[in-house]
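Here is how the chains run, residue by residue.
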Amino acid sequence: MTASPDRLRRALRQQLESLEAAGAKQLPRPSVAVLAHAEIEAPADLRCSIAPALEALRLEVAACTRCGELARTRTQTVFGVGDPGARLCFMGEAPGADEDRQGEPFVGRAGQLLNRIIEACRLRREDVYILNTIKCRPPNNRKPAPEEAANCRRFLDRQLELIKPQFICCLGAVAAQNLLGTTESIGRLRGRVHPFGDIKVVCTYHPAYLLRNPSAKKQTWDDMKLLMRQMGTPVD
Ligand code: SF4
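Computed from a predicted model, the values in this text were never measured in an experiment.

With respect to the confidence of the model for the chain
Argument step 1. The share of residues in the chain with pLDDT of 70 or more is 80%, and the mean pLDDT across the chain is 87.
Argument step 2. Low confidence marks residues 1-5, where pLDDT is under 50. Its contacts with residues over four positions away, or in another chain, come to eight contacts.

Below, the structure written as structure tokens:
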């Protein structure tokens, strides 16, 4: 598959950043054959170039004990899952019991609903990247404390720097308020596009809220149509 110029530029930038992070000071001049191969294989190269840096960050997160209570009570950290070169990230609040057990975000009933939302957007779970605001489960599924979100922010920012999504869909108030640095309610944040650097952000209700309040699914579908239009995906 031949990559678009934009995809190639992103792949090259990310590869250079990975090499720089690994301590490389200069690059050998590539041969024409290497460049030709790069053009054909760019999407796979893109994933390969980001994956080691993401894995290094995942290991750093796994060893983190900044939030004493969370580090003591978690089964494991929950870093994120999906395509490291994804155009779209879904961002939730924090791992729940199922996620804490399995080490993957959005795997319980709310995760199944998120999968259906992703499919309604004409994507598959493996086409996007899914992460949370914080990487450890708060006991009894309480909301993350502000200092816990602040502690984990550097991991979130680094993850997003590596993945470089063009779009983020915030699921629920905790994700939206933390990412955008606002105290506005999710009801006021949804239904429009917010800038986050170069990234376009759409906010909607958390799937767990939709399970408790099915009538809100229509508004979430409206938000997904807004997101699809922004992404250039045809909407029926
Ligand atoms: S929530 Fe984030 S900052 Fe806090 S202990 Fe877990 S990984 Fe570390």
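Points about the environment of Leu-179
Argument step 1. In this fold, Leu-179 is placed in helix H7 (residues 173-180).
Argument step 2. Residue classification places Leu-179 among the buried positions, given that 22 C-beta atoms sit within 10 Å.
Argument step 3. With 23 residues separating them along the chain, Leu-179 and Leu-156 place their C-alpha atoms 9.1 Å apart.
Argument step 4. If we ignore the near neighbours within four places in the chain, the residues touching Leu-179 are Met-91, Ile-168, Cys-170, Phe-196 and Val-201.

Quick look at unusual backbone geometry
Argument step 1. In the Ramachandran plot, Arg-122 falls in the positive-phi region, its phi being about 65 degrees despite a non-glycine side chain.
Argument step 2. Tracing the backbone through its elements, the reader meets Arg-122 in the loop between helix H5 (109-120) and strand E3 (129-132).

Let's talk about the nonpolar core
Argument step 1. Counting 40 residues, the largest nonpolar core has Cys-89, Met-91, Cys-169 and Cys-170 as its most contacted members.
Argument step 2. Residue contacts for Cys-169: discarding those within four places in its chain leaves Leu-88, Phe-90, Val-202, Thr-204 and Leu-227.

Observations concerning the site of the ligand
Argument step 1. Around the ligand, a shell composed of 15 residues is seen, among which Cys-64, Cys-67, Cys-136, Asn-151 and Cys-152 lie nearest.
Argument step 2. Breaking the shell around the ligand down by element, the ones donating at least two residues are helix H3 (68-73) and helix H6 (146-163).
Argument step 3. For the shell around the ligand, the element with the most residues is H6, which contributes four residues.
Argument step 4. A per-class count over the shell around the ligand returns nine nonpolar, three polar and three charged.

Observations concerning the environment of Val-202
Argument step 1. By the element assignment, Val-202 lies in strand E6 (residues 199-204).
Argument step 2. By C-beta crowding, Val-202 is classed as buried, having 25 other C-beta atoms within 10 Å.
Argument step 3. Along the sequence, Val-202 and Phe-90 sit 112 residues apart, while their C-alpha atoms lie 9.7 Å from each other.
Argument step 4. Dropping the residues within four chain positions of it, Val-202 is found in contact with Cys-169, Val-193, Asp-223, Leu-226 and Leu-227.

What counts and how
- Residues numbered from 1 in each chain as written.
- Predicted model: local features only at pLDDT ≥ 70, side-chain atom pairs only at ≥ 80, totals over all residues.
- pLDDT = per-residue confidence, 0-100.
- Contact = placed C-beta atoms within 7 Å.
- Helix = DSSP H or I, 4+ residues; strand = E, 2+ residues; numbered from the N terminus.
- Buried ≥ 20, exposed ≤ 12 C-beta atoms within 10 Å, placed from the backbone.
- Core = buried A, V, L, I, M, F, W, Y, C linked by C-beta atoms within 7 Å.
- Near = placed C-beta within 6 Å.
- Nonpolar A, V, L, I, M, F, W, Y, C, P; charged D, E, K, R; others polar.

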